[in-house]
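A look at the structure
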Amino acid sequence: MADRDTGIEFDLAVVGGGSGGLAGAFRAAEHGARVVLFEPDALGGTCVNLGCVPKKAMWLAADLAGRLRMAPSLGFNGLAGGHDGGIDRLDWQVFIAHRQRYISNIHAAYRRRLDAAGIVVRPSRARLVAADTLECDDGVRVIAKQVLLATGGHALRPDVPGAALGGVSDDFFAWRAAPERVAIVGGGYIAVELAGVLQALGSQVDLFVRGTRLLNGFDAQLCEQLAEDYRQHGVRVHFGYGLGEVESADGGGVRLRDATGQASERFDALLFATGRAPNSAGLGLDAVGVATDARGHVIVDARHATSVDGVHAVGDLGTDAALTPVAIAAARRLMDRLFGGRDALFDACDIATVVFSHPPIGKVGLTEAEARERHGDAVHVFSAGFRPMLQALAESPQRSLFKLVCVGQERRVIGIHLLGEAADEILQGFAVAMKRGITLDDLRDTVAIHPTSAEEVVLMR
Ligand SMILES: Cc1cc2nc3c(=O)[nH]c(=O)nc-3n(C[C@H](O)[C@H](O)[C@H](O)COP(=O)(O)OP(=O)(O)OC[C@H]3O[C@@H](n4cnc5c(N)ncnc54)[C@H](O)[C@@H]3O)c2cc1C
Ligand SMILES: NC(=O)c1ccc[n+]([C@@H]2O[C@H](COP(=O)([O-])OP(=O)(O)OC[C@H]3O[C@@H](n4cnc5c(N)ncnc54)[C@H](O)[C@@H]3O)[C@@H](O)[C@H]2O)c1
């Protein structure tokens, strides 16, 4: 049956024009499939509009502010230091105009590519009414042989009184100036990233962490050092904090109360970075029988098939790691199988990931703790702690800490953990090498590039 408006019979309907949906639509069209894509908001989804891209832009501004602050101690005259009107003080309005221009260019590029690929874009939400039928908000129904669900997720607030007084990362991207005093609740990716950015761009940040460490899942020792780096940058990190409630403060802003009722100081703004949930409500999943887990994630198998034939899901809606390159890779492999005649499976092993903290921290493979649990005494750990040259020249206390986790006689590398200047850029190449099964000797046989931070990985003892 054909689409009522376009008269086209679609091979694929994609719900959601974010990282996974767009990647799937483009790859399917490359294979000759007729594709319709539903997206009620800006093309690019979370990553382009409210995630990776604007976040990295703010991180770059924060990084530059840190360097400008360091410059006078190295002899650069005429650069006023400090937080009060010096050259290191960012005019957010100006910077955000650059940030949003960059994002508009991405939208325009997507629009051109969609047109060139002949993909029909419907600016509407869609929901399943049958395994091969989607209904738009205006009641129009579209039929397609295959369906890809890629509706992403949204930020969660903790279930405490007054939580509505706080914002989430989406709200942060609407800010046009650094609030003087900011409280951030959470200890994961977003909490750590926004705390670093805001502190560097002029706010006094207090980070309230429920657990006893930052970034569960990253190397514990590196995270301890990252917490120390944050303290040196002026972030006040409160571990073991149980949030009880949030209340309005006299004179504006908010105060937090902990689980024992003790009130905090006043903050001009509060951000929750306490995890995200999938956008699975209102998608018609129950009506069609698509199975979800207790948190609402669509359950998929290794081929990204759901419990209903012909219906697939990728990205944050499903159960994969919530990272843009994961959504993209999964969608492309799926389309290669559905329309390209290839039996390529998405490989979820050893996905490298970086938190854009100050400095950045990255990992690929097992942490030392995970490796010891799995391989016991066969695990060998090598690490290098050092001060990068710029930090040493400026007599900044910020140090880097790199760690290799190896296993067995041949010291096969099964984990790489980097905290420090340029860790975000260094990790990718070593992640390729690790996936190829390198050993410590392979690294040591590689001549170093000197003087760099990266050379510490091949010189590690
Ligand atoms: C603050 C922040 C920073 C991040 N930084 C990084 C980073 O640096 N690196 C990284 O790898 N990942 C990062 N992520 C995670 C990354 O953004 C997500 O993993 C990625 O965007 C998931 O892609 P997706 O296609 O599943 O969903 P999304 O990109 O969220 O796209 C989903 C789309 O579906 C649309 N939609 C929803 N419901 C419907 C419906 N019923 N019908 C039609 N359309 C619908 C939405 O409007 C949206 O455009 C970050 C996330 C956040 C929140
Ligand atoms: N650089 C990147 O690649 C990047 C950046 C941002 C986000 N992301 C992705 O988005 C996902 C979501 O990010 P996130 O930071 O929201 O989630 P997260 O899972 O990384 O961290 C959530 C944090 O909130 C805490 N928390 C949860 N409920 C709480 C409560 N009621 N009170 C206090 N603390 C609570 C958790 O203990 C944890 O520290 C990440 O897991 C990651 O996959 C990636």
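Conventions and cut-offs
- Residues numbered from 1 in each chain as written.
- Chains lettered and ligands numbered in written order.
- Predicted model: local features only at pLDDT ≥ 70, side-chain atom pairs only at ≥ 80, totals over all residues.
- Helix = DSSP H or I, 4+ residues; strand = E, 2+ residues; numbered from the N terminus.
- Contact = placed C-beta atoms within 7 Å.
- Near = placed C-beta within 6 Å.
- Nonpolar A, V, L, I, M, F, W, Y, C, P; charged D, E, K, R; others polar.
- Buried ≥ 20, exposed ≤ 12 C-beta atoms within 10 Å, placed from the backbone.
- Axes fitted to C-alpha atoms, helices over the stretch in contact; angles between N-to-C directions.
- Left-handed = near helix turned anticlockwise from the far one by under 90°.
- UniProt positions renumbered as here; feature names shortened; annotations may be inferred.
- Domains from an automatic or database assignment.
- Expected span 1.5 Å × (residues − 1).
- Pairing = 2+ DSSP bridges.

**Concerning the overall build of the protein chain**
- Each helix and strand counted, the protein chain has 14 helices and 20 strands in total.
- Its C-alpha atoms give the protein chain principal-axis dimensions of roughly 70 × 65 × 45 Å.
- By sequence separation, contacts in the protein chain at least 24 residues apart represent 65% of the contacts at least 6 residues apart.

**Quick look at the site of ligand 2**
- Every one of the 23 residues lining ligand 2 counts as a neighbour, but Pro158, Gly187, Gly188, Ile190 and Ala322 are closest to it.
- Of all the secondary-structure elements, those providing two or more residues to the shell around ligand 2 are α6 (189-200) and β16 (353-355).
- Ranked by residues supplied to the shell around ligand 2, first place goes to α6 with four residues.
- Broken down by class, the residue content of the shell around ligand 2 amounts to 13 nonpolar, seven polar and three charged.

**Examining the environment of Cys47**
- Locating Cys47 in the fold gives a position in helix α2 (residues 45-50).
- A count of 25 C-beta atoms within 10 Å places Cys47 in the buried class.
- Sequence separation between Cys47 and Phe356 is 309 residues; the distance between their C-alpha atoms is 14 Å.
- Setting aside residues up to four positions removed in sequence, Cys47 forms contacts with Gly18, Ser19, Cys52, Val53 and Thr324.

**Considerations on the packing of helix α3 (residues 52-70) against helix α4 (residues 92-117)**
- The geometry of α3 relative to α4 is characterised by a closest axis approach of 10 Å and an angle of 145° between their N-to-C directions. The way α3 lies across α4 gives a crossing that is right-handed. Mapping the contact onto sequence places Val53, Pro54, Ala57 and Ala61 in α3 and Phe95, Arg99, Tyr102, Ile103 and Ile106 in α4.
- Looking at side-chain class alone, the contact of α3 with α4 contains eight nonpolar, no polar and one charged residues.

**Some thoughts on unusual backbone geometry**
- With an omega dihedral of 0°, the bond running from His358 to Pro359 counts as a cis peptide bond.
- One can find Pro359 in the loop between β16 and β17 (361-365).
- Going from His450 to Pro451, the amide bond is cis rather than trans, its omega being -5°.
- With respect to the helices and strands, the residue Pro451 is situated in the loop between α13 (440-444) and α14 (455-458).
- Positioned with a positive phi, Leu215 is a non-glycine residue whose angle comes to about 50°.
- Mapped onto the elements of the fold, Leu215 is located in the loop between β9 (204-208) and α7 (220-233).
- Not every positive phi belongs to a glycine, and Ala422 is a case in point at roughly 70°.

**Re the UniProt feature "domain: Pyridine nucleotide-disulphide oxidoreductase dimerisation" (unreviewed entry) in the protein chain**
- In this numbering, the UniProt entry assigns the feature "domain: Pyridine nucleotide-disulphide oxidoreductase dimerisation" (unreviewed entry) to residues 351-460.
- For the annotated span residues 351-460, helix accounts for 32% and strand for 29% of the residues, and the straight-line distance between the end C-alpha atoms is 22 Å.

**Some details on the site of ligand 1**
- Lining the immediate environment of ligand 1, one finds 35 residues, of which Gly16, Gly18, Gly45, Gly152 and Gly315 sit closest.
- Of all the secondary-structure elements, those providing two or more residues to the shell around ligand 1 are α1 (19-30), α2, α3, β4 (126-130) and α9 (324-339).
- Looking at side-chain class alone, the shell around ligand 1 contains 14 nonpolar, 15 polar and six charged residues.

**Concerning the domain arrangement of the protein chain**
- What the domain assignment reports for the protein chain is domain 1 (1-154 + 275-349), domain 2 (163-274) and domain 3 (359-459).
- The C-alpha centroid of domain 3 is placed 31 Å from the C-alpha centroid of domain 1.

**Here's the deal with α4**
- Over its 26 residues, α4 runs 37 Å from end to end, which matches the ideal 38 Å to within 8%, given 1.5 Å per residue.
- Residues of α4 that are buried: Ile96, Arg99, Tyr110 and Leu114.
- Lining the buried residues of α4 we find α1, α3 and β3 (120-122).
- Once α4 ends, the next one or two residues include Gly118, with phi positive near 75°.

**Here we look at the sheet that holds β16**
- Spatially, the five strands line up as an open sheet ordered β16-β17-β20-β19-β18, and their pairing is antiparallel. Looking along the sheet, the strands with just one partner apiece sit at the ends: β16 and β18 (379-386). Ignoring strand direction, the axes of neighbouring strands in this sheet form an average angle of 15°.
- With five bridges connecting them, β17 and strand β20 (residues 412-419) associate as antiparallel partners. Bridge pairing links Ile361 to Leu419 in β20.

**Thoughts on the pairing of β20**
- Of all eight residues making up β20, seven are buried, and the element is well covered by its neighbours.
- The pairing of strand β19 (residues 400-407) with β20 spans seven bridges and is antiparallel. Counterpart to Cys406 in the pairing with β20 is Val413.
- Between β19 and the antiparallel strand that follows it, β20, lie four residues; Gly408 among them carries a positive phi value of about 80°.

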